[in-house]
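For reference, the chains in residue letters:
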Amino acid sequence: VNHLLGIKYITKNDIDLIFETADHFKEVINRPIKKVPSLRDITIANIFFENSTRTKLSFELAQKRLSADVISFSAAQSSVKKGETLIDTVNNILAMKVDMVVMRHNNPGAAYFLSKNVNASIINAGDGAHEHPTQALLDSYSIREKLGDVAGKKVVIVGDILHSRVALSNIFALQMQGAEVRVCGPKTLIPKHIESLGVKVESNLRKALGWCDVANMLRVQNERLDFSYFPNTREYAQQYGLTKEILDSLDKEIVVMHPGPINRGVEITSDVADSQQSVILDQVENGVAVRMAVIYLLASKIK
Ligand code: CP
């Protein structure tokens, strides 16, 4: 397979190989000279139809650290605004001799659709509320780094599960590696059939946190939300916000994660986000090494 479309399309062996490769690249990017010449002959286009800070910059940096040629495309400033279709857009980019496309799109399935309709290697950088595979990989990589292994760990994903591609990709990745996953959040933000994925629902935040080794705190995705069925921000923060008081009341030190961007004071308070139990910036750091590994492994199939 020449694509990374979602965690559900890959195997535990693929994840192990990505992590071994990322270990090497993490060592490389901590050297004074952070670059390797591996992909001097590869050209990559990053096409983003949705806003991004971490994912876009992390992919760009990963590509540059591998010495690939990189072009970046933001739909908002492009001829998509004049009505050009996704396939026409990408085929025009590919005509400039581009080998790989990293795409973020607001529609679930957009990356899969593209992979069936154009001749290039596709990496999904987030497709609507469907999957965000490199985020799940860097999340698992960060758990492995902090706790030694993902297998056997108890992970609770808290918040807006319904609209979260991070939640779905994490559920697939964590279960594949032998972790136990629960979700916690208001009923209106939990998908109806989540238990069919082998995921238990815990509506009480303190109970969920008392059970877990790792808490992944998600942002409420206001941009995908129908406000008529959502508790307001103050109620949400009271019931599902992670505070220092809750963290200190637990009988063990859990690892706190967040994919970003953070709504400080809503799903997580600043003192928790910035505490030594938080690995939020480690996740961002690891994202570059993990994305270097994904790109390198896919490119080795092109060459
Ligand atoms: N975690 C994440 O996907 O962040 P961005 O939306 O800033 O890329």
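Procedures and definitions
- Residues numbered from 1 in each chain as written.
- Predicted model: local features only at pLDDT ≥ 70, side-chain atom pairs only at ≥ 80, totals over all residues.
- Pairing = 2+ DSSP bridges.
- Helix = DSSP H or I, 4+ residues; strand = E, 2+ residues; numbered from the N terminus.
- Axes fitted to C-alpha atoms, helices over the stretch in contact; angles between N-to-C directions.
- Contact = placed C-beta atoms within 7 Å.
- Buried ≥ 20, exposed ≤ 12 C-beta atoms within 10 Å, placed from the backbone.
- Right-handed = clockwise from strand over helix to strand, strands pointing away.

> Quick one: what's the story with the sheet that holds strand β1 (residues 43-48), residue by residue and with numbers?
Spatial ordering of the open sheet is given by β2-β1-β3-β4, a layout of four strands whose pairing is parallel. Each edge of the open sheet carries a strand with a single partner, namely β2 (69-74) and β4 (121-127). Within the sheet, the average angular offset between the axes of one strand and its neighbour, ignoring direction, is 15°. The pairing of β1 with β2 spans six bridges and is classified as parallel. Within β2, the position partnered with Ile 47 by the bridge is Phe 73. In the packing of helix α11 (residues 280-302) onto the sheet, contacts are made with β3 (100-105) and β4, and the angle to β4 comes to roughly 150°.

> For the pairing of β1, give the residues involved together with the corresponding values.
Of all six residues in β1, five are buried, a share of seventy percent or more. Tracing the backbone out of β1, into helix α2 (residues 54-65) and back to the parallel element β2 gives a crossover that is right-handed. Note: β1 against β3, five bridges, orientation parallel. Within β3, the position partnered with Ile 47 by the bridge is Met 103.

> With reference to specific residues and values, describe unusual backbone geometry.
Each neighbour pair has its own omega, and for Gly 260 with Pro 261 the value is -5°, a cis peptide bond. Of note, Pro 261 is situated in the loop between β9 (255-257) and α10 (270-273). Its identity is not glycine, yet Ser 67 carries a phi of approximately 70°, on the positive side. Its location among the elements puts Ser 67 in the loop between α2 and β2. Ser 67 sits in the partly exposed class, given 15 other C-beta atoms within 10 Å. One non-glycine residue, Lys 97, lies in the positive phi region at around 70°. Mapping Lys 97 onto the fold places it in the loop between α3 (86-94) and β3.

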